[in-house]
Amino acid sequence: MIDFDNWVCPLPLRDYPYIVMGHGGGGKLSNDLVEYLFVPAFHNPMLSSLADGAALSVGGQRLAFSTDSYVVRPLFFPGGSIADLAINGTVNDLAMLGATPLFLSVGMILEEGLPMNTLGSLVDLLAAAARTANVQVVTGDTKVVDRGHGDQIYINTSGVGLIPAGIDIAPQNARPGDKILVSGTIGDHGMAIMSVREGLEFESPIRSDSAPLNGLVADMLQCSTAIHVLRDPTRGGVASSLNEIAKSAGVGIALDERQFPVRPEVAAACELLGMDPLYVANEGKLLAIVAPEDAEAILEVMHQHPLGQDAALIGEVVSEHRGKVTARTGIGGTRIVAMQIGEQLPRIC
Amino acid sequence: MCLGVPGQIKEVYEIDGVRMGKVNFSGIVKEVCLEYVPEANVGDYTIVHVGFAITRLDEESALETLKMFEELGVLEEELYPDQPSAE
Amino acid sequence: MKYLTEFRNNDLVQKLFHEIRQITTRPWAMMEVCGGQTHSIIRNGIDQLLPPEIELIHGPGCPVCVTPLETIDKALAIASQPNVIFCSFGDMLRVPGSDRDLFAVKSQGGDIRIVYSPLDALKVARDNPDKQVVFFGIGFETTAPANAQAVVVAKKQGLKNFSMLVSHVLVPPAIEALMQSPTCRVQAFLAAGHVCSVMGYWQYEPLAEKYHVPIVVTGFEPLDVLNGIYHTVLQLESGRHEVENAYSRAVQREGNLPAQKVMQEVFEVCDRTWRGIGMIPQSGWQLNAAYRDLDAAIRFQVGDIRTQESSICRSGDVLQGLIKPHQCPAFGKECTPSKPLGATMVSSEGACAAYYNYGRFIEHEQVAP
């Protein structure tokens, strides 16, 4: 039982007696919940590593285990649906541990009144996504809540995979000198959702990039044994993921703004809403932190894969400003890429 | 205070007597109120702030400004060719 | 992106930095008025690359930051009422009131909606005839035509359930108040580009004359900001004090006349308290008699608000350019973007938030490897 009155840590959670939307944003508020509420309560070394999934030793093998819940609104958007996110999200979390994803569970909370046709479409999409990702849905659960208490459908997926021997991929492994690669354009998914919500029409719509990354990761692992960290930058974007890694590993990260791959329409949407692509969610991209001598070769392998064609080298790990991420600006200045607080709000002023 | 983004007017029409239009921001099209730029028409660029066009962008001025930047220091370089110039 | 990319051209940017270095012979302190300019300067690192003699003092041009505490508390009181849908620009949601912010109200069941434009709030009113829809009408002169339009349309369409909580602020009286302050160190102003798109710049001519300060209308992209600084330094170095337009593609001297007309129809000048600065006479706009029935503060009679400002917050000194954000003892400690004490730390344009987020104050923490 957490004793709120006798905490000695800085008081982030005490300032919020209720959950606010920011706690789900993938930024500092979300991390505060994990760090100050969940980790102390559950308290074990596997959880404390705070990767997106857990690497567990079971009977001589290494098992990867991960879970994710999906509450996105709208259910269908250009480039995908909540179903694609649900399958690909967990597949990707497992792949980020270097594991071969094998089996998934699907748990659904349905709101009374959800049209059966909608559910049918989503189930078909779940099945198709599983086939594409080469995983099997082997168990599941369904609950129904009263109308008005559930927002149509919430989906949780959990997954297991096997981590081959010799693979050690974890946020703590980043070390000064390592190069940072991104597998493609950033901000696509978040802006696809935002644009539907904000009623922006597009000449060519921004499509979510939701995709299973296990194939790309397998190719990369074949090419190099010096991949130290993998992370899929979902909520909170590239900025949040890199900040978490910098803090976990006790290193600094220096990026170069001129190298960030961003689609022109995503850049334009961000301008319009006053948002920064670095903080916008991605659902089919990965960050790889690799030994410098292997960076070129790995980049080449990524370019050969359909999901890595726009891969780029965006920065490196440094020993200065440990725990912080900086970026060289387009005009030669330096700015800090700070941890996002809650969720990114469209800026107007 | 004034996140104003430039975009090009693609269409002009009226809704309930108010001048509205579709403005294209590098491939994104949004409906914008054009009531306060009566002189701006299809093809013109405007600055849009909170869904309203607040001014028409003047292409000639823009080009003049850019030209001024290009020419900055040109005279200096001609007079003092051995001096270090901009990196 | 046309009209954006060209004004971020790095070769020209470096050229301008070089030119500014060439012509600067003495220390100069200039103030950029607009929060959007502050944001651009800090985010791009422009201040890092200017010659050290040039000091940029960040002005009070952040409408989110200067909205009076009492108005925030009124907004919180209105938004907490059942049957109210409270519509606001995103930035306002985390501005601290006396004891909470709009996000907290939302988490306790308040129906609070982020909108991109006041027209969106009108739509909410049309779609929800049985609720009272209130729009938080803040901003400088740039936003006023949009807010005025919303009020005009609401009245014309007989939208009885729509009202606006108005808190507009004006730039010229603020400049005057700053120049009259005995501690003012500002020697020149970079005027807010988009405010001038709407209002023109003729209002600044008497100010330049009276206080002997150059006032240069400046835009927002790196080239525009440097252009403004360049022309300002030229004036300072040659002892001139004129009003100049360094954002000519978007600003004319007389401004936007149709916009000014609608604002005159809807608003009247009033005294306004600027949070952190104090009361500046005749520095705000409120709904005039013809439109007062759409004033949310009157419709909701949110009564006796007792405000409680943080005793250690020094937003006011930051807004007046008396201290830099990192000189405030609470900066980065009691006061951070996740637990802001004052509005300058909340708003993405507030100087304190900009300094914190873009690291003008990098603390080298001892993080265990």
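Predicted model, so just to flag it, every value in this text is computed and none were measured.

Caption draft 1: The nonpolar core, seen in detail. In this structure, Phe-86, Phe-162, Phe-189, Tyr-204 and Ile-229 of chain C are the most contacted members of the largest nonpolar core, which totals 148 residues. Examining the composition of this core, we find that eight residues originate from one element, helix H8 (residues 144-156) of chain C, more than from any other.

Caption draft 2: Main features of the sheet that holds strand S8 (residues 179-182) of chain A. Residues and elements named next belong to chain A. The seven strands are arranged S10-S12-S8-S13-S11-S14-S15 in an open sheet whose pairing can be described as mixed. Of all the strands in the sheet, the pair left with one neighbour each is strand S10 (227-231) and strand S15 (334-336). The sheet shows a mean angle of 25 degrees between the axes of neighbouring strands, taken without regard to direction. Across four bridges, strand S11 (residues 252-256) lies against strand S13 (residues 312-318) in antiparallel orientation. Note on S13: the bridge partner recorded for Ile-253 is Val-317.

Caption draft 3: Layout of the sheet that holds strand S6 (residues 136-145) of chain A. Residue and element names in this part refer to chain A. What the five strands build is an open sheet, ordered S1-S2-S7-S5-S6; its pairing is mixed. Edge positions in the sheet fall to strand S1 (54-58) and S6, since each has one partner strand and no second. Adjacent strand axes in the sheet meet at a mean angle of 20 degrees, parallel and antiparallel pairs treated alike. Taken together, the nine bridges between strand S5 (residues 100-111) and S6 define a ladder with parallel strand orientation. The partner of Leu-110 across the bridge, within S6, is Val-144. Running at roughly 150 degrees to strand S2 (residues 61-70), helix H3 (residues 82-95) makes contact with S2, S5, S6 and strand S7 (153-163) of the sheet.

Caption draft 4: Geometry of the confidence of the model for chain A. Taken residue by residue, chain A gives an average pLDDT of 88. The fraction at 70 or more is 90%. In this model residues 1-14 of chain A is a low-confidence stretch, pLDDT under 50, and it forms 19 contacts with partners more than four residues away in sequence or in other chains.

Caption draft 5: Focus on the interface of chain C and chain B. Listed per partner, the contact involves 51 residues of chain C and 43 residues of chain B. Between chain C and chain B, a total of about 3900 Å² is buried, with carbon and sulfur atoms accounting for 63% of that surface. Summed over the three residues of chain C that lose the most area to chain B, namely Tyr-3, Lys-15 and Tyr-116 of chain C, the buried surface amounts to 16% of that side. On the surface where chain C and chain B come into contact, there are one salt bridge. For Lys-2 of chain C, the salt bridge goes to Glu-59 of chain B, with nearest N and O atoms at 3.1 Å.

Caption draft 6: Focus on helix H2 (residues 35-44) of chain C. Summarising burial for H2 of chain C: ten of the ten residues are buried, a large majority. Count one or two residues on from H2 of chain C and you reach Gly-45 of chain C, which has phi positive near 80 degrees.

Caption draft 7: Looking closely at the pattern of salt bridges. Following the criterion strictly, the structure yields 31 salt bridges over all chains and no others. Arg-335 of chain A is the salt-bridge partner of Glu-257 of chain A, the closest N and O atoms lying 3.6 Å from each other. With Glu-257 of chain A in the loop between S11 and helix H8 (264-273) and Arg-335 of chain A in strand S15, the pair connects residues that are 78 residues apart, well separated along the chain. In this structure, Lys-123 of chain C engages Asp-127 of chain C in a salt bridge whose closest nitrogen and oxygen atoms are separated by 3.0 Å. With Lys-123 of chain C and Asp-127 of chain C both in helix H7 (residues 118-127) and four residues apart, this pair spans about one turn of that helix.

Caption draft 8: Looking closely at empty space enclosed by the protein. All names here are of chain C. Scanning the model with the defined rule gives seven cavities of 30 Å³ or more in all. Of the volumes computed, that of the largest cavity is approximately 100 Å³. What lines the largest cavity is a set of 15 residues, among which Cys-313, Arg-314, Cys-328, Cys-335 and Cys-352 lie closest to the centre. Looking at the lining of the largest cavity, the elements that each hand over two or more residues are helix H15 (315-319) and helix H16 (343-346). Looking at the lining of the largest cavity residue by residue, the class counts come to eleven nonpolar, three polar and one charged.

Caption draft 9: Expanded view of the packing of aromatic side chains. Scanning the model with the defined rule gives eight aromatic pairs over all chains in all. The interplanar angle of 70 degrees and the centroid separation of 5.9 Å between the aromatic rings of Phe-140 of chain C and Trp-274 of chain C together place this pair among those described as edge-to-face. Taken together, the positions of Phe-140 of chain C in the loop between strand S5 (132-139) and H8 and Trp-274 of chain C in strand S10 (residues 267-274) put the pair 134 residues apart, joining distant regions of the chain. There is no split in this pair, since Phe-140 of chain C and Trp-274 of chain C are both buried. Between Phe-331 of chain C and Tyr-356 of chain C the ring centres are 6.0 Å apart and the planes differ by 70 degrees, which places this aromatic pair in the edge-to-face class. With Phe-331 of chain C in the loop between H15 and H16 and Tyr-356 of chain C in helix H17 (residues 351-357), the pair connects residues that are 25 residues apart, well separated along the chain. Judged by relative accessible area, Phe-331 of chain C falls into the buried class, the value being 3%. In this structure Tyr-356 of chain C comes out as partly exposed when scored by relative accessible area, which is 32%. Over the face of the ring belonging to Tyr-45 of chain B we find Lys-2 of chain C, whose NZ or CZ atom lies 5.4 Å from the ring centre. Geometry around Phe-7 of chain C places Arg-249 of chain C over its ring, the cationic atom sitting 3.5 Å from the centre.

Caption draft 10: Structural detail: helix H6 (residues 214-223) of chain A. Residue and element names in this part refer to chain A. Residues of H6 that are buried include every one of Asn-214, Leu-216, Val-217, Met-220 and Leu-221, and no others. All buried residues of H6 lie within an arc of 155 degrees about the axis, which places them on one face of the element. Along its buried surface, H6 packs onto H3, S5, helix H4 (116-133), S10, strand S12 (287-290) and helix H9 (295-304).

Caption draft 11: Region of the structure containing the side chain of Asn-147 of chain C. Within the fold, Asn-147 of chain C resides in helix H8. Setting aside residues up to four positions removed in sequence, Asn-147 of chain C forms contacts with Pro-118, Phe-135, Gly-137, Ile-138, Met-164, His-168 and Phe-267 of chain C.

Caption draft 12: Looking closely at the packing of H3 of chain A against H4 of chain A. Residues and elements named next belong to chain A. For the pair H3 and H4, interaxial distance at closest approach is 8 Å and the crossing angle is 30 degrees. Of the two possible hands of crossing, H3 and H4 adopt the one that is right-handed. In this structure, H3 contributes Ile-82, Ala-83, Asp-84, Ala-86, Ile-87 and Val-91 to the contact, and H4 contributes Leu-122, Leu-125, Leu-126, Ala-129, Ala-130 and Ala-133.

Caption draft 13: Region of interest: unusual backbone geometry. Of the consecutive residues Arg-73 of chain A and Pro-74 of chain A, the connecting peptide bond is found in the cis state with omega at 0 degrees. If you trace the backbone, Pro-74 of chain A turns up in the loop between S2 and strand S3 (76-77). Non-glycine residue Val-50 of chain B carries a positive phi angle of around 40 degrees. Position of Val-50 of chain B among the secondary structure elements: in the loop between strand S4 (45-49) and strand S5 (52-56). On the basis of relative accessibility, which here comes to 2%, the residue Val-50 of chain B falls in the buried class. Phi is positive for Asn-83 of chain C, close to 70 degrees, though the residue is something other than glycine. Assignment of secondary structure puts Asn-83 of chain C in the loop between helix H5 (69-79) and strand S3 (84-88).

Caption draft 14: Spotlight on the environment of Leu-114 of chain A. Residue and element names in this part refer to chain A. Topologically, Leu-114 is positioned in the loop between S5 and H4. Here Leu-114 falls in the buried class, since its relative accessible area comes to 15%. Remark: the alpha-carbon pair of Leu-114 and Gly-140, spanning 26 residues in sequence, is separated by 19 Å. Apart from residues lying up to four places away in sequence, Leu-114 is in contact with Leu-119, Gln-152 and Ile-153.

Cut-off values and rules
- Residues numbered from 1 in each chain as written.
- Chains lettered and ligands numbered in written order.
- Predicted model: local features only at pLDDT ≥ 70, side-chain atom pairs only at ≥ 80, totals over all residues.
- Heavy atoms only, no water.
- Core = buried A, V, L, I, M, F, W, Y, C linked by side-chain atoms within 4.5 Å.
- Buried < 20%, exposed > 50% of the residue type's maximum accessible area, 1.4 Å probe, protein only.
- Helix = DSSP H or I, 4+ residues; strand = E, 2+ residues; numbered from the N terminus.
- Pairing = 2+ DSSP bridges.
- Axes fitted to C-alpha atoms, helices over the stretch in contact; angles between N-to-C directions.
- Contact = heavy atoms within 4.5 Å.
- pLDDT = per-residue confidence, 0-100.
- Buried area = accessible area lost by both parts, 1.4 Å probe.
- Salt bridge = Lys/Arg side-chain N within 4 Å of Asp/Glu carboxyl O.
- 1 Å grid on protein atoms, 1.4 Å probe; cavity = no way out; pocket = protein on both sides within 12 Å on 5 of 7 lines; lining within 4 Å.
- Points joined across faces, edges and corners; volume = space filled by probe spheres on them.
- Nonpolar A, V, L, I, M, F, W, Y, C, P; charged D, E, K, R; others polar.
- Phe/Tyr/Trp six-rings, centres within 6.5 Å; stacked < 30°, edge-to-face > 60°.
- Lys NZ or Arg CZ within 6 Å of the ring centre and 35° of its normal.
- Arc of directions from axis to C-beta.
- Left-handed = near helix turned anticlockwise from the far one by under 90°.

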